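Topology and contacts: notes
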Amino acid sequence: MFSSKAGTENPKEFMDQFVGIVILFCASGTGVFLILFLAASFIMPLTTPAMLADVTACGGILMLATGFRICGIQSFPIGNMLPAMVIVMPLSWIWITYCKF
């Protein structure tokens, strides 16, 4: 793909490789979205309105922290907070199941 002599590569060969790379890049994104869709269709029937409210609240806090960071008010480590979006659903289920009042 990368030759040591600049300009000696066949343009058709370059185009074939470039198109192949673009196709693989697009296919990998499609696979990721397919996995997310299948995971969501499995998880969604197991959720309750309270669990959805907890996930929404967690996402809202992340958006608020992102807004503070963009405005320069406070620099929150948003990347360190992202695992909360994965953890909030099981914690909410545990709370609903075992801590009934």
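Quick caveat, the model's predicted, so the values are computed rather than measured.

Rules behind the numbers
Residues numbered from 1 in each chain as written. Predicted model: local features only at pLDDT ≥ 70, side-chain atom pairs only at ≥ 80, totals over all residues. Heavy atoms only, no water. Helix = DSSP H or I, 4+ residues; strand = E, 2+ residues; numbered from the N terminus. Rg over C-alpha atoms; globule rule 2.2 N^0.38 Å. Buried < 20%, exposed > 50% of the residue type's maximum accessible area, 1.4 Å probe, protein only. Contact = heavy atoms within 4.5 Å. Areas by Shrake-Rupley, 256 points an atom, 1.4 Å probe, with all protein chains shown as cover. Patch = residues over 30% accessible without salt bridge, like charges linked within 9 Å, V, L, I, M, F, W, Y side chains within 5 Å. Salt bridge = Lys/Arg side-chain N within 4 Å of Asp/Glu carboxyl O. Polar contact = N/O pair within 3.5 Å; in protein donor to acceptor, adjacent residues only side chain to side chain. Expected span 1.5 Å × (residues − 1). Bend = angle between axes of the 7 residues up to and from the residue. Phe/Tyr/Trp six-rings, centres within 6.5 Å; stacked < 30°, edge-to-face > 60°.

1. With respect to the overall build of the chain
Secondary structure assignment for the chain yields four helices and zero strands. Counting helices and strands in the order they occur from the N terminus, the chain gives α-α-α-α. For 101 residues, the compact-globule estimate of 2.2 N^0.38 gives 13 Å, and the chain exceeds it by more than 25% at 23 Å. Principal-axis analysis of the C-alpha atoms gives the chain an extent of 75 × 40 × 15 Å. Burial analysis of the chain (101 residues in total) assigns 9% to the buried set. Restricting to contacts in the chain with at least 6 residues of sequence separation, those with at least 24 account for 45%. For the chain, the accessible surface area stands at approximately 8,400 Å², while carbon and sulfur atoms represent 78% of it.

2. Regarding a nonpolar patch on the surface
On the surface, Met85, Val86, Ile87, Leu91, Trp93, Ile94 and Tyr98 cluster together into a nonpolar patch covering about 730 Å² of accessible area. Residue methionine 85 is classed as partly exposed on the basis of its relative accessible area of 32%.

3. Quick look at the side chain of threonine 47
If you trace the backbone, threonine 47 turns up in the loop between helix H1 (11-43) and helix H2 (49-71). Within the local environment of threonine 47, its side chain forms a polar contact with the backbone oxygen of methionine 44, the two atoms lying 2.8 Å apart. If near-sequence neighbours (up to four positions away) are discounted, threonine 47 is found in contact with Leu52 and Met89.

4. Brief notes about the pattern of salt bridges
Side-chain pairs of opposite charge can arise where the charged atoms are in close proximity. Evaluation of the coordinates by the stated rule reveals one salt bridge. Notably, a salt bridge pairs aspartate 16 with lysine 12, separated by 3.4 Å at the nearest N-O pair. Taken together, the positions of aspartate 16 and lysine 12, both in helix H1 and four residues apart, correspond to about one turn of that helix.

5. Points about helix H4 (residues 83-98)
With 16 residues, H4 should reach 22 Å at 1.5 Å per residue; the first-to-last C-alpha distance of 23 Å fits that figure. Of all bends in H4, the biggest is about 25°, found at methionine 89, and the proline proline 90 comes one to four residues later.

6. Observations regarding the side chain of serine 92
With respect to the helices and strands, serine 92 occurs in helix H4. When its relative accessible area of 4% is taken as the criterion, serine 92 is described as buried. Beyond its immediate stretch of four places on either side in the chain, serine 92 contacts Ala50, Met51 and Asp54.

7. Comments concerning the packing of aromatic side chains
Counting across every chain of the model gives three aromatic pairs. The interplanar angle of 15° and the centroid separation of 6.1 Å between the aromatic rings of phenylalanine 14 and phenylalanine 18 together place this pair among those described as stacked. One end of the pair, phenylalanine 14, and the other, phenylalanine 18, are both in helix H1, four residues apart, so they sit about a helical turn from each other. A relative accessible area of 44% places phenylalanine 14 in the partly exposed class. Taking 6.2 Å as the distance between ring centres and 85° as the angle between the ring planes, the aromatic pair formed by tryptophan 93 and tyrosine 98 counts as edge-to-face. You can call tyrosine 98 exposed: its relative accessible area is 60%.

Note that every value here comes from positions in space, so none of it alone points to a role or purpose.
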